[in-house]
Amino acid sequence: MTALASFEEVFVAAGMAASAFPWQRRLVDQVLAEGWPDALALPTGVGKTSALDIALYCLAAAPDRMPRRVVLVVDRRVVVDQGAARARALQRALAAATTGPLAGLADRLRALWDGPRDEPPFAVAVMRGGMPRDHDWARRPDQPVLGVSTVDQLGSRLLFRGYGVSPRAAAIHAGLLGNDTLILLDEVHLAQAFAETLHHVGRYRQRRDAAVRIPDRWHVVQMSATLRQPGARPPFTLDAEDRAHPVLRPRLTARKPAALGLVKLTGDDEARKRAALAERAVSAALALQAAGARVVAIVVNRVDTARLAHRALAGHRATTDAVLVTGRMRPIERDHAVRDKLARVTGGRARGADEPALIVVATQCIEAGADFDFDAIVTECASLDALRQRFGRVDRRGACATAATSVILGRSDQLAASAGPDPVYGAALAATWRWLEAHATDGVIDFGLSALPAAIGPDGEPRADLLPASPAVPVLLPAHLDAWAQTSQPLDADPEIAMWLHGDVELARDVQVVWRVGAGLDPDDVIDQLHACRPSALEAVTVPLAALRRWLTAQAAAPDDALADVEGERASEVAPHGPARWVVRWDGDDSAAIDVNARDVRPGDVIVVDAAGGGLRDDSFDPASRAPVLDLGDLAQLRGRGVASLRLSRAALAVWRFPAAMLDAIPAPQPDESLTELRDRIKLWLAGWPATAPDGFLGTAEEWRAARTALQRAPRVQLVAGLVVITAPGTLRGTYELDDAVSEDDASSFRQREITLAAHSHDVRTRAERFARALGCAAELSADLGLAAWLHDVGKADPRFQRWLVGGDEIDEAMADAPLAKSRLATGDARARRLARARAGYPAGGRHELMSVALVQDHAALREAHDPELVLHLIASHHGWCRPFPPPVVDPAAIAVRLQHGPHVLAASTQHGLTRLDSGLADRFWRLGARYGWWGLAWLEAVLRLADHRASEIGGSP
């Protein structure tokens, strides 16, 4: 194996800096010698995000002791997440390296999962929001992953209730994140409740049978400049060498003066008061630019205020550019803003008098995880810790020759003695303003990293009243985990996990909203079209459930209903009223039209609405807007899954900015025309695709070229509910951003090419055993995983299932040479699958995995197992059911199923009784949970299921 260079050599070769900081080298040595510390007490601006680089390097150096997955968690809806950008940059550098230190690191990482040289050595995951049937955020359990996430997204997945994740996929997420994962909880002072929950999770992970040998690589590291509750061991901190370092010293000693400005507001008209605050903020920002600060930020506490400030800048575009950035944006549009304008704000930029003027209007979303470097800032008053985060984005490198005086604006109505607590910052907002006034000199206070702690106190820790109150956190009990582990049919009386993520407070429960062209049509047509171009987190906006209901039922917002940009936002809900309106809840094969007025929308749902109905303005959620919304579906599918697709309607194609001549000549199906003839006309039409991306295209030049090349070369044509859809899978394979691990539903058996049951069983067994060996499982455990993989699909031998796979035709079934595992029918054609199932007579809701258990449970094949109960459970749960109960299915037919599988002849009746509550499946689940632990059992399921997923991919090979 290629020798591994030193961390310093790798760090420099990756282009991260001219040299590593002393603390970075020291941390690498400590991690390799003693393991990860419990806490990193490092100030903003010193490169904390390099913990991702360090984790990856240490994994390559000591793979038996270091977790495969590293997730940076920030309790904000981050705009330009520094961790994600850094991980992608490192991924690109390692993927391109052929010699030198980076090649050595890449070889070491690829060796962990037998990764081919044309694939990046690790995956990048961004957990922006769940999306059922989205592409895997971790395609395989043995591949290294660098990820970033919010508290809500990682926490809900870890606790078996992933927001926006289907119940049958929940165990995959919990298993992967509850094992072999390093969690870097950044700015932990923003997430005290979750930090406490993670502490309990760490304790409960140890509750497993000592004889069970599952690799135990899992750790939590808290990261913050001011730790409220340090761990048992002393935190890792800067030392004298760091403070004297020629690069770090200017950052630590830079002055960041801020003047206090009171905005006098009266009356009860909240909208008018927000407008007045926005106008004052704009005036202050323009004054800063006039004084020489070229790049200025306006940071406010509500999305509404940010929108108003951005609009107020419209009349000043001749002298300054402006961009709006909020957490209520679709990630594709947010990323475009980053590439288009915010690249001018990143740390280390060259400053000068000729630098173009820019004002960035933002919310709390830029406080953490974003490498912004402003000359000055105009900020609305908040709690002291929030203000410190905001000023951490000012002169991050200590490069400003003369420090501009920033501005902190306080609303008089919020600072009066009679004012109630702020919905986001509570009483800390007013207390912080009073503290600032008391410590300011001539109305100015220095927020520099060295100056402010001295003003606060000798230990640098703010008083408790200057910080938002830490909510009470319920004690995490085994009974809670027992309830959440029941993922296949969650309990009606399910404990609300939000309390363990954010504490016992009244929270705004979120949903994901996706805008699609034609979503106001017949629901069945809409759902079929969504299967052909599946919704993605990259095109979704996170919206509080109450705000969604008010918007879709045309209700006016309450005065205090303006959206903030914090995770776990406090809010109250009002029962919806007004005209009923249906939308689509996207949930893979279980998608359905639901009535908003009937309170059918649930927290974590993915809701698809008609793009013609409005809801976005300035790229941010705005319920008052009625302007049509751009459909991002095809671009999201390209970026999120590596699949190029076009839906051939003028409105759906608008995102590509094609020339008018192409839009005027969109091919439409003709009467009696075959798909082959239509495909030939489409190929001629695609020849007019311009070679270069036009101005205004939201994607990248690479995405434009990749989609154009793939679709011109080999377009696949489908006619879905009257809409022509063309696709070219695998366009950006290996380089795209990974989203969510998913449960395969019935569509997984339809892959546009036939694969025999014997071949698929062998493929899955090979992959499962390979995964287990690479992960360090004991030989007995690896063998049981392989056996379960080999037997998992034998229930597909049911003659009715075989008939379904060939389209419901009895003659085609009879002529088949061997039993099939995969069908030539298309995955996206849900209507064709439903029709074929009905023709085949396969019962609605029938589960082939239960038939697999029936064929195996009393057979000699099971005698090969070291833990027969585990093998049977892995077979029963490989589509997410039987945790603990099987689905209720009525199958009156008594059909004998017989299969020659390898050396064994398996036989059983479809009247196996395994759908009964007393079948023993649930009892087996609880016994295995006690034996392997809540997360251990889920992890074993994930290993098998991901082996099945990879084997099911078109063109896959072991």
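Residues numbered from 1 in each chain as written. Predicted model: local features only at pLDDT ≥ 70, side-chain atom pairs only at ≥ 80, totals over all residues. Heavy atoms only, no water.

**Details of the overall build of the protein**
Part 1 of the argument: Tallying secondary structure elements over the protein gives 34 helices and 28 strands in all.
Part 2 of the argument: Out of the 958 residues belonging to the protein, those deemed buried represent 62%.
Part 3 of the argument: Sequence-distant contacts in the protein: of pairs separated by 6 or more residues, those separated by 24 or more amount to 77%.
Part 4 of the argument: Roughly 33900 Å² of accessible area belongs to the protein as shown, and the carbon and sulfur atoms make up 53% of that amount. (Helix = DSSP H or I, 4+ residues; strand = E, 2+ residues; numbered from the N terminus. Buried < 20%, exposed > 50% of the residue type's maximum accessible area, 1.4 Å probe, protein only. Contact = heavy atoms within 4.5 Å. Areas by Shrake-Rupley, 256 points an atom, 1.4 Å probe, with all protein chains shown as cover.)

**Notes on the packing of helix 31 (residues 848-856) against helix 32 (residues 868-876)**
Part 1 of the argument: Helix 32 packs onto helix 31 with a crossing angle of 155 degrees between their chain directions and a minimal axis gap of 8 Å. Classified by the angle their axes make, helix 31 and helix 32 are roughly antiparallel. Facing helix 31, whose interface residues are Glu849, Ser852, Val853 and Val856, helix 32 presents Leu872, Ile875 and Ala876. (Axes fitted to C-alpha atoms, helices over the stretch in contact; angles between N-to-C directions. Parallel < 35°, antiparallel > 145°, perpendicular 65-115°, else oblique.)

**Some words on the confidence of the model for the protein**
Part 1 of the argument: Averaged over all residues, the pLDDT of the protein equals 86, while 88% of them reach at least 70.
Part 2 of the argument: Highest mean pLDDT in the protein belongs to helix 32 (98); lowest belongs to helix 17 (residues 451-456) (75).
Part 3 of the argument: Across residues 132-136, where pLDDT falls below 50, the model places 36 contacts with residues more than four positions away in sequence or in other chains.
Part 4 of the argument: In the predicted structure, residues 734-744 sits below a pLDDT of 50 and forms 64 contacts with residues beyond four places in sequence or in another chain. (pLDDT = per-residue confidence, 0-100.)

**Quick word on the side chain of Glu187**
Part 1 of the argument: As for its position among the elements, Glu187 is in the loop between strand 5 (181-186) and helix 8 (192-204).
Part 2 of the argument: Note on Glu187: relative accessible area 3%, which makes it buried.
Part 3 of the argument: A polar contact of 2.8 Å, which involves the side chain of Glu187, links it to the side chain of Lys48. (Polar contact = N/O pair within 3.5 Å; in protein donor to acceptor, adjacent residues only side chain to side chain.)

**Brief notes about helix 21 (residues 545-552)**
Part 1 of the argument: Buried residues dominate helix 21, accounting for eight of its eight residues.
Part 2 of the argument: Among all positions of helix 21, only Leu545, Ala546, Ala547, Leu548, Arg549, Arg550, Trp551 and Leu552 are buried.
Part 3 of the argument: Here the buried face of helix 21 lies against strand 15 (510-516), strand 16 (540-544), strand 17 (582-585), strand 19 (606-610) and strand 21 (620-621).
Part 4 of the argument: Within two residues after helix 21, Ala554 carries a phi angle of roughly 55 degrees, on the positive side.

**Considering the pattern of salt bridges**
Where side chains of opposite charge bring their charged atoms close, a pairing between them can arise.
Part 1 of the argument: Tallied over the full model, the rule gives 46 salt bridges.
Part 2 of the argument: A salt bridge links Lys273 to Glu270; the nearest nitrogen and oxygen atoms lie 3.9 Å apart. Placement of the pair is Lys273 and Glu270 together in helix 11 (residues 270-290), with a separation of three residues, close to one helical turn.
Part 3 of the argument: A relative accessible area of 7% places Lys273 in the buried class.
Part 4 of the argument: A residue is classified by how much of its surface remains accessible, and Glu270, at 17% relative accessible area, is buried.
Part 5 of the argument: Among the salt bridges present, the one from Arg647 reaches Asp634, with a minimum N-O distance of 3.3 Å. A residue pair is termed long-range when its members are at least 10 positions apart, and Arg647 in strand 22 (residues 644-647) and Asp634 in helix 22 (residues 633-641) qualify at 13 residues.
Part 6 of the argument: Judged by its relative accessible area of 5%, Arg647 falls in the buried class. (Salt bridge = Lys/Arg side-chain N within 4 Å of Asp/Glu carboxyl O.)

**Points about the packing of aromatic side chains**
Part 1 of the argument: All chains considered together, the criterion is met by 24 aromatic pairs.
Part 2 of the argument: Across the ring face of Tyr204, the terminal group of Arg203 is positioned such that the distance to the ring centre comes to 5.6 Å. (Phe/Tyr/Trp six-rings, centres within 6.5 Å; stacked < 30°, edge-to-face > 60°. Lys NZ or Arg CZ within 6 Å of the ring centre and 35° of its normal.)

**A short note on the sheet that holds strand 14 (residues 444-446)**
Part 1 of the argument: If you walk across this open sheet you meet the seven strands as 10-11-9-12-13-8-14, and the pairing is mixed. At either end of the open sheet lies a strand with only one pairing partner, and these are strand 10 (321-325) and strand 14. Strand-to-strand twist in this sheet, taken as the mean axis angle between neighbours without regard to direction, amounts to 20 degrees.
Part 2 of the argument: Here three bridges tie strand 12 (residues 376-380) to strand 13 (residues 406-411), and the two strands are oriented parallel to one another. Within strand 13, the position partnered with Val378 by the bridge is Val407.
Part 3 of the argument: Sitting on the sheet, helix 12 (residues 303-312) is in contact with strand 10 and strand 11 (358-362), with an inclination near 165 degrees to strand 10. (Pairing = 2+ DSSP bridges.)

**Focus: the nonpolar core**
Part 1 of the argument: With 88 residues, the main nonpolar core has Leu185, Trp935 and Leu940 as its most contacted residues.
Part 2 of the argument: Sorting elements by how many residues they give to this core places helix 34 (residues 934-952) first, with 12 residues.
Part 3 of the argument: Beyond its immediate stretch of four places on either side in the chain, Leu185 contacts Val73, Val151, Ala191, Phe194, Ala195, Leu198, Val221, Gln222 and Met223.
Part 4 of the argument: Listed in part, the 54 residues of the second largest apolar core include Leu56, Leu105, Leu146 and Leu238. (Core = buried A, V, L, I, M, F, W, Y, C linked by side-chain atoms within 4.5 Å.)

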